[in-house]
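# Commentary on secondary and tertiary structure
Residues per chain, in single letters:
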Amino acid sequence: MKILVFYLWLQFCWNCFAKLNTEWWTHTIIYEMIPCTFKDSDGDGTGDFKGITSKLDHFVDLGIETIHMTPMFETTARDMGYDITDYYKVDHGLGTMSDLEELISEMNKRNMKLLLDLVINHSGHKHEWFQKSIDRIDPYTDFYVWKDSKGFNNKTNKKIPPNRWVSKSVSFGSSGSGWEWNEKRKQFYFHQFLAEQPDFDLRNEIVKKELWKIIEFWLNKGVAGFRLDATPFFFEDKEFRDDDHSRQFNQPEVYEFIHEFRTYLDKYNQEHGGFERIFIAEAHSKAETVIKYYDREDYPITHFPYTFLLSYLGGPLKANRLIYCLSYWMTILPKGKVSAWMTQDHDGSRVGSRIVPEYGDIFTMISMMLPGTVGVYYGQEIAMIDGLVTKEQIKDFSGGGSRDPARLTMQWDDSINAGFSTNTTTTYLPANSDYFERNVEMQKIQPVSHYNLFKDLSTLRRTNTFRYGKFKNNVHFENIYILTRSYEGHVLTLIANLYRTSSFGVNLTEILRNHPDEIIIAAASVNSGYIKGSNIEHDSWEEFYMRPLASVVLESYQPHTENEESTSSPDF
């Protein structure tokens, strides 16, 4: 009996310990990187694990605790690692498994966490499972979506696909039929994306078990979770009806499938403790569809989906449009859930190229000041923009045009290849031609720079005002966007002048309630003309000068009443 009591006491203590760090993901900065373009350690022209390890103090300096790495598994590199040939091996171009384990170990020493990009909608066509599926070797025969031909077209001299489904993604654009004939098996297989990326049949219970083994393998290596790639495409209409292309994605079974895997993950967390491992959904869909990836009562799905609303916005941006997007999302967000804001990623143009360069700072400032988690794309800390890639240098030949201009090598300094690699012959992708003036080392020592602005914002995110403060946003004089975070009298106010050509005198007494004793610049865009830490003189409060496309964060302390609610929930 005493032994049983002691065991239960130990179990109770362990459970208490396991709950110590279960919400690290509710406020972290997630830094998305492409390992082959981040840092090359051995001079072969391709980024690698050791290169990332050598730059970990870069993240410490920026206050970044979480790295999201795009696929690093063994691959034929037809789609930048998203065509996986072995989920248990790493891409030899990035290094060895020992190199990756060293990276995770060094991250742990710095209290950092690693998220992997998990591709389970499809594998690469060279994967052993697909090759055995072609040969109808069990249990792999039905691992993928196979269908018979509907006949033969004498005009085209080709087999007729099972239906009219197309290979399509929001990033790639349409690339024709989603069906590819395999002469050896004498059937068509379905591919949502490239023909080299055959879709798994995720209704197959054996496939699900094999995928969970993969997840558990990497959890045991110490990763903190996974970004679930292309979640809306996990299932297609089981009856293969082709009267509507929407039958190819956003099927109800998607949520059921992730719920099943989340149940496994929660069990793993309970058994291993320490910190909570997480699932993130990548779902480029309408907001009301994306919102379904959040937990529903006792039905856990993902911990959160990425919120791409800001990455969809183009220019010229209007304050009312920005208010509408943010307010709508915050209104439909389930109570107590976390938003994860993205302004750019590896599938689209960088903000400064998508609109105009000045928007790089504006979007970074807005996303970093919003409640919840924020995802940033490598190089965002120095406001990198898209560059030129020649036809000979292109690696991505997607149907909608190459995405390589937004994937160029990280710009570390003004040495050869922007400090990415010592290779003088070739690199995985080139460096942007502006690296001599836009790089980490140069911006580090400049008092006013994108890099130091990022650091300022990261520091603000660690305050109680950001963690627990109320959130409001509104429009001032048509195109001045105002975002406010407040907690127990401490107020952080973001002001962004979205006018492209007009300066504007903002009346701070109309924006800041209860007239604070002083107003300090807490952060400022590079083009604003203001310096962090400077005090705004009282005689300029009624006409605070804002340059076109400039933004600042003001810090003030105002009288606080006990009945004032302090909450992380939105308040409009």
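To be clear, the structure that these remarks concern was listed above.
Residues numbered from 1 in each chain as written. Predicted model: local features only at pLDDT ≥ 70, side-chain atom pairs only at ≥ 80, totals over all residues. Heavy atoms only, no water.

## Examining the side chain of Thr70
The residue Thr70 is located in the loop between β2 (66-69) and β3 (73-75) in this model. Each residue touching Thr70, except ones within four places of it in the same chain, is listed here: Glu32, Met33, Ile34, Pro35, Met80, Tyr82, Asp117 and His346. (Helix = DSSP H or I, 4+ residues; strand = E, 2+ residues; numbered from the N terminus. Contact = heavy atoms within 4.5 Å.)

## Some details on the sheet that holds strand β6 (residues 146-147)
The strand order across the open sheet built from three strands is β6-β10-β9, with neighbouring strands paired in antiparallel fashion. Of all the strands in the sheet, just β6 and β9 (179-182) have a single pairing partner and so form its edges. As paired elements, β6 and strand β10 (residues 187-190) share two bridges and run antiparallel to each other. From the neighbouring strand, Trp146 faces β10, where its bridge partner is Tyr189. (Pairing = 2+ DSSP bridges.)

## Things to note about a nonpolar patch on the surface
A contiguous nonpolar surface patch, about 210 Å² in accessible area, is contributed by Val448, Val526 and Ile531. Look at Val448 and you get partly exposed, because its relative accessible area is 31%. (Patch = residues over 30% accessible without salt bridge, like charges linked within 9 Å, V, L, I, M, F, W, Y side chains within 5 Å. Areas by Shrake-Rupley, 256 points an atom, 1.4 Å probe, with all protein chains shown as cover. Salt bridge = Lys/Arg side-chain N within 4 Å of Asp/Glu carboxyl O. Buried < 20%, exposed > 50% of the residue type's maximum accessible area, 1.4 Å probe, protein only.)

## Here we look at empty space enclosed by the protein
Scanning all chains against the criterion turns up four cavities of 30 Å³ or more. Estimates place the volume of the second largest cavity at around 60 Å³. Lining of the second largest cavity is provided by Ala77, Arg78, Asp79, Met80, Lys395, Asp396, Asp404, Arg407, Tyr428 and Leu429. Its residues placed into classes, the lining of the second largest cavity shows four nonpolar, no polar and six charged. (1 Å grid on protein atoms, 1.4 Å probe; cavity = no way out; pocket = protein on both sides within 12 Å on 5 of 7 lines; lining within 4 Å. Points joined across faces, edges and corners; volume = space filled by probe spheres on them. Nonpolar A, V, L, I, M, F, W, Y, C, P; charged D, E, K, R; others polar.)

## Description of the nonpolar core
General note: in soluble globular proteins, nonpolar side chains tend to be found buried as a group. Trp218 and Tyr481 are the most contacted members of the largest nonpolar core, which has 137 residues in total. Filtering out sequence-adjacent residues up to four positions away, Tyr481 remains in contact with Ala319, Leu322, Ile323, Leu326, Ile366, Asn473, Asn474, Leu494, Ile495, Ala496 and Leu498. (Core = buried A, V, L, I, M, F, W, Y, C linked by side-chain atoms within 4.5 Å.)

## With respect to the pairing of β9
Here β9 runs beside β10; their pairing, made up of four bridges, is antiparallel. The residue of β10 that forms the bridge with Asn182 is Gln187. Linking β9 back to β10 in an antiparallel pair, the connection comprises four residues, with Lys186 at a positive phi of about 65°.

## A closer look at the sheet that holds strand β12 (residues 278-281)
Sheet architecture is open: eight strands sit in the order β13-β12-β11-β5-β2-β1-β15-β14, paired in parallel fashion. Of all the strands in the sheet, the pair left with one neighbour each is β13 (304-305) and β14 (340-342). When strand β1 (residues 29-33) meets strand β15 (residues 373-377), the two strands line up parallel, connected through four bridges. If you follow Ile30 over to β15, its bridge partner there is Gly375. On top of the sheet, helix α4 (residues 97-109) reaches β2 and β5 (113-118); it is set at about 140° to β5, its chief contact. Here helix α6 (residues 205-220) sits on the sheet in contact with β5, β11 (225-228) and β12, set at roughly 135° to β11. (Axes fitted to C-alpha atoms, helices over the stretch in contact; angles between N-to-C directions.)

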